[in-house]
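One-letter residues, chain by chain:
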Amino acid sequence: KEQVKAEYAAYRKTGAPVLMYHGIDTTLPKGWPKSLALPPELFEIHLKYLSEQGYTIVTVEELAKRLEQGQSVEKYVALSFDDGYKNNLTKALPIMQKYNAKGSFFIVNSKIGKDYYLDEADIKKLIAAGMELGSHTYSHNALTKIDPKGLVWETDTSRYWLKKKFDGYIVRTLAYPNGDYDAKIIAVCQKYGFYRALTGHMGLNTPDTYKKAPMEMFRVTVADDGKGLEGFKTRLENAYFYGFLQTKGFDINIIRDIFVSD
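Sequence order as written defines residue numbering, which begins from 1 separately in each chain. Only residues with pLDDT of 70 or above have their local features reported here, since the model is predicted, and side-chain atom pairs are shown and tallied only from 80 upward, although totals for entire chains, interfaces and linings are computed over all residues. Hydrogens and waters are ignored; side-chain quantities use all the structure's heavy atoms.

Turning our eyes to something else, we now look at a nonpolar patch on the surface. Residues with no salt bridge and a relative accessible area higher than 30% make up the patches, which join like charges within 9 Å and nonpolar side chains (Val, Leu, Ile, Met, Phe, Trp, Tyr) within 5 Å. Accessible surface is estimated by sampling points in the Shrake-Rupley manner with a 1.4 Å probe; for residues, cover comes only from the protein chains shown. Just to be clear on terms, a salt bridge is a Lys or Arg side-chain nitrogen sitting within 4 Å of an Asp or Glu carboxyl oxygen. On the surface, Val152, Trp153, Tyr160 and Trp161 cluster together to form a nonpolar patch covering roughly 380 Å² of accessible area. Within the element layout of this structure, tryptophan 153 appears in helix H6 (residues 151-165). Burial classes follow relative accessibility: with a 1.4 Å probe on protein chains only, a residue under 20% of its type's maximum area counts as buried, one over 50% as exposed, and anything between as partly exposed. On the accessibility criterion, tryptophan 153 (41% relative accessible area) is partly exposed. In this description a helix means any DSSP run of H or I spanning at least four residues, a strand means any run of E spanning at least two, and both kinds are numbered starting from the N terminus.

To continue, consider the packing of aromatic side chains. Any Phe, Tyr or Trp ring, taking Trp's six-membered ring, that has another such ring centre within 6.5 Å forms a pair; planes under 30 degrees apart are called stacked, those over 60 apart edge-to-face, and the others tilted. Summed over all chains, the structure comprises 12 aromatic pairs. When the ring of tyrosine 21 is compared with that of phenylalanine 81, the centres are 5.6 Å apart and the planes differ by 25°; the resulting orientation is stacked. Placement of tyrosine 21 in strand E1 (residues 18-21) and of phenylalanine 81 in strand E3 (residues 76-83) is noted, with a sequence separation of 60 residues between them. Assessed through its relative accessible area of 0%, tyrosine 21 is described here as buried. Here phenylalanine 81 falls in the buried class, since its relative accessible area comes to 0%. Summarising the aromatic geometry, the rings of tyrosine 85 and tyrosine 117 are spaced 5.2 Å apart at their centres and angled 25° between planes, so their arrangement reads as stacked. Pair noted here: tyrosine 85 is in the loop between E3 and helix H4 (87-98) and tyrosine 117 is in the loop between strand E4 (104-107) and helix H5 (120-128), with a separation of 32 residues, a long-range link. A single burial state applies to tyrosine 85 and to tyrosine 117, both of which are buried.

Moving on to H4. Each helix should span, by expectation, one fewer than its residue count multiplied by 1.5 Å. The terminal C-alpha atoms of H4 lie 16 Å apart, and with 12 residues this matches the ideal 16 Å at 1.5 Å per residue to within 8%. Every buried residue belonging to H4 is among Asn87, Asn88, Leu89, Ala92, Leu93, Ile95 and Met96, and all of these are buried. Residue contacts follow a heavy-atom distance rule, with two residues in contact if any of their heavy atoms lie within 4.5 Å. Buried residues in H4 make contact with helix H2 (40-52), E3, E4 and H5. Downstream of H4 by a residue or two, asparagine 100 has a phi angle that is positive, lying close to 55°.

So, on to the pattern of salt bridges. In the structure shown here, the tally under the stated rule is 13 salt bridges. Of the charged contacts, one joins glutamate 44 and lysine 98 as a salt bridge, the two residues approaching to 2.6 Å between their closest N and O atoms. Pair noted here: glutamate 44 is in helix H2 and lysine 98 is in helix H4, with a separation of 54 residues, a long-range link. Classification of glutamate 44 as partly exposed rests on a relative accessible area of 22%.

Before going further, it helps to spend a moment on the pairing of E4. Along E4, one buried face is formed by Ser104 and Phe106 and the opposite face, lined by Phe105 and Ile107, is buried too. If DSSP finds at least two bridges between two strands, the strands pair. As paired strands, E3 and E4 are joined by four bridges and run parallel to one another. When the sheet's bridge partners are listed, serine 80 is paired in E4 with serine 104. Here, the term right-handed applies to a crossover whose path from the first strand over the helix to the second runs clockwise when the strands point away from the viewer. Running through H4, the crossover from E3 to the neighbouring parallel element E4 is right-handed.

Turning our eyes to something else, we now look at the pairing of E3. Buried residues dominate E3, accounting for eight of its eight residues. Alignment of E1 against E3, held across four bridges, turns out to be parallel. Bridging across to E3, valine 18 finds its partner in alanine 78. Direction of pairing for strand E2 (residues 56-58) relative to E3: parallel, over a ladder of three bridges.

On to the environment of alanine 129, then. Take alanine 129: it is sitting in the loop between H5 and strand E5 (132-135). Taking the C-alpha atoms as reference, alanine 129 lies 8.7 Å from lysine 102; in sequence the two are 27 residues apart. With residues near it in sequence (within four places) discarded, alanine 129 still touches Leu93, Gln97 and Lys102.

These figures come from the coordinates and say nothing about function on their own.
Here's what the structure looks like:
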């Protein structure tokens, strides 16, 4: 028992979680789960806790480069925001700046400028603030369920238009819509210039996991589960614990994929 505790304590120092947020507000477009609309005051509680615990809060790209270079990621965490909601700029960014936090914002090209979503001027403000711009594909279609001919549009065209609209910005990080991907999708995304991608699988990103599967980075879904800070602490801890279980040959994500339907 004591040996396992020591192993776990040592393991925690080797990797870092990526947190997945969506809207930082009390409303989201119709049809989205209410739990994914996180009140700004709760988001601040999260960042305050991370700051007090000594975490360095970075973009996914910054985390990936540290993993590549073998630099320490102990007490590092990356923030990611899916879909490109306008409240990511108006509500999340000021709180992030208060806590010296960076993050990665995954944009759906077809949503830019529409209701609820960031417009081009908003996205330029995020880039100017030192945030990472990532792709959430062109249309947010589940990649394994579309005609393979459409994959170039969802991936390569997404990167092309983001580069064209945002002063030559080179996007290298992808977030799979709905966490939907397979080996063929990975190959396509790498072919069209993505260096790394985020899944919906829980775990810890270590130099070993990143070297083995940069297109399958782990992340933690953050939602308003009604449990406040304690709920967040549990989700954060789960990233470490699930990652540790994976090193022992037990991957809870496999079990979840079998029993949780799309």
